[in-house]
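Results of the structural survey
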Amino acid sequence: MSNIGIDLGTTNSLVAVVMGGKARCLLDDEGRAILPSAVRYLDEGVLVGHAALHDAAAHAATTLTSVKRFMGRSMDEARAEADQLHYNLAETDDDRVVRVQVGDRSVTPIEVSAEILRALRERANECLLAEPGGAVITVPAYFDDAQRQATRDAGKLAGLNVLRLLNEPTAAAIAYGLQENSQGVYAVYDLGGGTFDISILQLEDGVFQVLSTAGDTHLGGDDFDRLLAAELLSRSGVTEARGGVLRAAIEAAEAAKKALTDADTAAVNATFGDAALSTTVTRADFEALIRPTVERTLVACKRAIADAELDVADIDGVVLVGGSTRVPLVRQVVEQAFGREPFGDIDPDQVVALGAAMQADILTGSSELAEDVLLMDIVPLSLGLETMGGVTEKLIWRCSPIPAAASETFTTHVDGQTAVDLHVVQGEREMAAHNRSLARFKLTGIPPMPAGLPRIKVEFLVDADGIMTVTATEEYTGTQAQVGVLPSYGLEEDEIERMLEESIDNAEADVDERMLIEARVEAEQILRAVRKALAGDAALLAEGEGERLQAVADALEAAMAGADRHRIAELSRKLDEVTAPFAQRRIERDLQLALQGQDALEVAEKLSRPTPAS
């Protein structure tokens, strides 16, 4: 069985595998490597990826996107940006867990991520004709322990054997290092949809050593979309947007952003509720909006270089990772900051998944890719305990190589004290209240002695995934307590187990149901396009053609009411085929209008209308 590599992204996700000594991304039935990280919840079942994004504005409250930003986070953190969400947070008494309301139930980011991972696992199963043996899943380098554990739980819930969590910049470095045989010190600038990381790595003779890392788990291309969406809403006169209106604005902004990658201007023709907008956005407009956000990334870059005890001149190259690095301003700012043109040889959307697949292949122990590859990652944030007065006592410092271990001996502060509470935190602040709370546990059974006499040894162990175990031992009696640091903001272990059992018990039915739903959604899109074309351009129909088209459309609509997905898919393809001549005549008509001197924007608008063959 082959191991797979998965890039679980904020905006898009991919799965890759090494075949014949070469890493490659696995494609869906339409030849697409990218799976949008979107999940739409229906009354029964879910849609994942491209299917989930169909009519997302009309189903904004049940179409969840960018949930990776909330992995391992609390409800308080989610509420702080509730006005930027097109879906609704649930009312809950447990503020540790982010929950989103979808219909009459609520779901967590772990469950949503598990749906995305499950879809990627199914793709791998179809492409490889077998279940994958294990998976390496990538995470932002700056993910803390709670976020990493939440990601591992999502993989487990999706039915994956998670071999390792791998930092995204490190995965990119593996892809470049092994494919390009690179040597030296490299900065990996990773700007995705919702997170930013900068890592400084040294590559030498098959050794990948992370020297430092920094970043922001709440900064990415989604912020570019929201800034431009706010500008578009302002131009249309909309002062407050929620739900479908906000989703429509974000979709228009994302489309304009992509157009401005290669063009100086982008036309926007959109409807936001009752407001219609027809405007032009220039690249200068867009760059003025996002420049402060892009420049925020340089703060982390400077910190990472300083932590590695290097100067900018010591960097041999800069690797760009993440779809948001396609934005011209991002490339320009990075080039100016590092004084060199960044590399972009490997598709920035795919490089992380390819590197994860290479690492997964190496873990098989029989890899053709590299016989002697050593990966040395680091702890992104310091780990420690809260001591008297609320002070943080750091045991493992940031940038420590992992696996890592450290211990320290503490004592009691009250005569006769027989138990101590231990509070594990992560972060760089001196006061524990300002750092991230990871876990609390209690050591009992301490013999009553005067304050200062008991000796309590606390040991921290961080494994290769960056996940920690803490052990406390009273040395006189050998009394011990241990905690595997589970996320403070995630699902309980028994809840994960229950949900996993349910997913296994219903796996076959769930897959059939999802494929039926996807077939219906695709058919509905085709039917809608055909009806619109027939209503607007009936004059272009040949004699008897309208009746033939309508007959196939009626048959497809009838099939959609049933449960035979193969019949629905067959009729969808047939409708595509029989409408092709009609679609061709519509295109030729619009081109003739263009040649007669009509306004180019008007012609472009007509050409952008859905056609029966689309």
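Calculation rules
Residues numbered from 1 in each chain as written. Predicted model: local features only at pLDDT ≥ 70, side-chain atom pairs only at ≥ 80, totals over all residues. Heavy atoms only, no water. Helix = DSSP H or I, 4+ residues; strand = E, 2+ residues; numbered from the N terminus. Buried < 20%, exposed > 50% of the residue type's maximum accessible area, 1.4 Å probe, protein only. Contact = heavy atoms within 4.5 Å. Areas by Shrake-Rupley, 256 points an atom, 1.4 Å probe, with all protein chains shown as cover. Core = buried A, V, L, I, M, F, W, Y, C linked by side-chain atoms within 4.5 Å. pLDDT = per-residue confidence, 0-100. Arc of directions from axis to C-beta. Patch = residues over 30% accessible without salt bridge, like charges linked within 9 Å, V, L, I, M, F, W, Y side chains within 5 Å. Salt bridge = Lys/Arg side-chain N within 4 Å of Asp/Glu carboxyl O. Lys, Arg positive; Asp, Glu negative; His and termini not counted. Charge placed at Lys NZ, Arg CZ, Asp CG, Glu CD. Pairing = 2+ DSSP bridges. Axes fitted to C-alpha atoms, helices over the stretch in contact; angles between N-to-C directions. Right-handed = clockwise from strand over helix to strand, strands pointing away.

Topic: the overall build of the protein chain
Within the protein chain one finds 15 helices and 28 strands. Counting only residues that meet the buried cut, the protein chain has 53% of its 614 residues in that class. When contacts within the protein chain are restricted to residue pairs at least 6 apart in sequence, long-range pairs at least 24 apart make up 67% of them. Summing over all exposed atoms, the protein chain offers an accessible surface of approximately 26,600 Å²; the carbon and sulfur share of this is 48%.

What about the nonpolar core?
Among the nonpolar cores identified, the biggest contains 50 residues, and Tyr189, Ile198, Ile200, Leu232, Phe272 and Phe338 are the most heavily contacted of them. No other element matches helix α8 (residues 283–307), which puts eight residues into this core. Apart from the residues lying within four places of it in its own chain, the contact partners of Phe272 are Leu232, Leu233, Ser236, Val238, Val245, Ala248, Ala249, Ala252 and Leu277. Counting 44 residues, the second largest nonpolar core, distinct from the first, contains Tyr87, Ile110, Val112 and Ile137.

Quick word on the confidence of the model for the protein chain
When pLDDT is averaged across the protein chain, the result is 85; 90% of the residues are at 70 or more. Put simply, helix α15 (residues 600–607) is where the protein chain has its lowest mean pLDDT, 52, and strand β1 (residues 4–7) is where it has its highest, 97. Per-residue pLDDT stays below 50 along residues 607–614; that stretch engages in 23 contacts with residues further than four places along the chain or on separate chains.

A word on helix α9 (residues 328–338)
When we look at burial in α9, the residues that qualify are Leu329, Val330, Val333, Val334 and Phe338. Seen along its axis, α9 keeps its buried residues to an arc of 145°; they face one direction. Those residues of α9 that are buried lie in contact with β13 (184–191), β14 (196–204), α6 (221–236), α8 and β18 (317–321). Once α9 finishes, Gly339 follows within two positions and takes phi at roughly 70°, a positive value.

Re the environment of Glu77
Topologically, Glu77 is positioned in helix α2 (residues 75–79). What makes Glu77 partly exposed here is its relative accessible area of 31%. For the pair Glu77 and Val98, spaced 21 residues apart in sequence, the C-alpha to C-alpha distance is 8.6 Å.

With respect to a negative patch on the surface
The grouping of Asp29, Glu30, Glu126 and Glu522 at the surface amounts to a negative patch. By the element assignment, Glu126 lies in helix α3 (residues 109–128).

Looking at the pairing of strand β15 (residues 207–216)
Where burial is concerned, most of β15 is hidden: seven out of the ten residues are buried. In terms of strand pairing, β14 meets β15 through nine bridges, oriented antiparallel. In the sheet register, Ile200 faces β15, and the bridge partner there is Ser212. Hairpin connection between β14 and β15: a loop of two residues separates the two successive antiparallel strands, and Asp205 in this loop has a positive phi of roughly 50°.

Structural notes on the sheet that holds strand β25 (residues 436–444)
One open sheet accounts for four strands, arranged β21-β20-β24-β25; its pairing is antiparallel. Of all the strands in the sheet, the pair left with one neighbour each is β21 (391–396) and β25. Pairwise comparison of adjacent strand axes, ignoring direction, gives a mean angle of 30° for this sheet. Sheet analysis places strand β20 (residues 383–387) next to β21, joined by five bridges and oriented antiparallel. Paired with Thr387 across the strands is Val391, a residue of β21.

Observations concerning the environment of Ala533
Residue position: Ala533 is located in helix α12 (residues 507–537). The exposure class of Ala533 is buried, given its relative accessible area of 1%. Separated by 46 residues in sequence, Ala533 and Thr579 have C-alpha atoms that sit 9.9 Å apart.

Quick word on the environment of Ile396
Summarising the element assignment, Ile396 is placed in strand β21. Those residues in contact with Ile396, other than ones at most four positions away along the chain, are Val379, Ser382, Leu383, Ala404, Ala405, Ala406, Phe460 and Val462.

Thoughts on the pairing of strand β12 (residues 162–167)
Burial runs high along β12: five of the six residues are buried. Pairing analysis gives five bridges linking strand β11 (residues 135–139) to β12, with the strands arranged parallel. In the sheet register, Ala135 faces β12, and the bridge partner there is Val162. After leaving β11, the chain enters helix α4 (residues 145–157) and then returns to the sheet as β12, a path that is right-handed.

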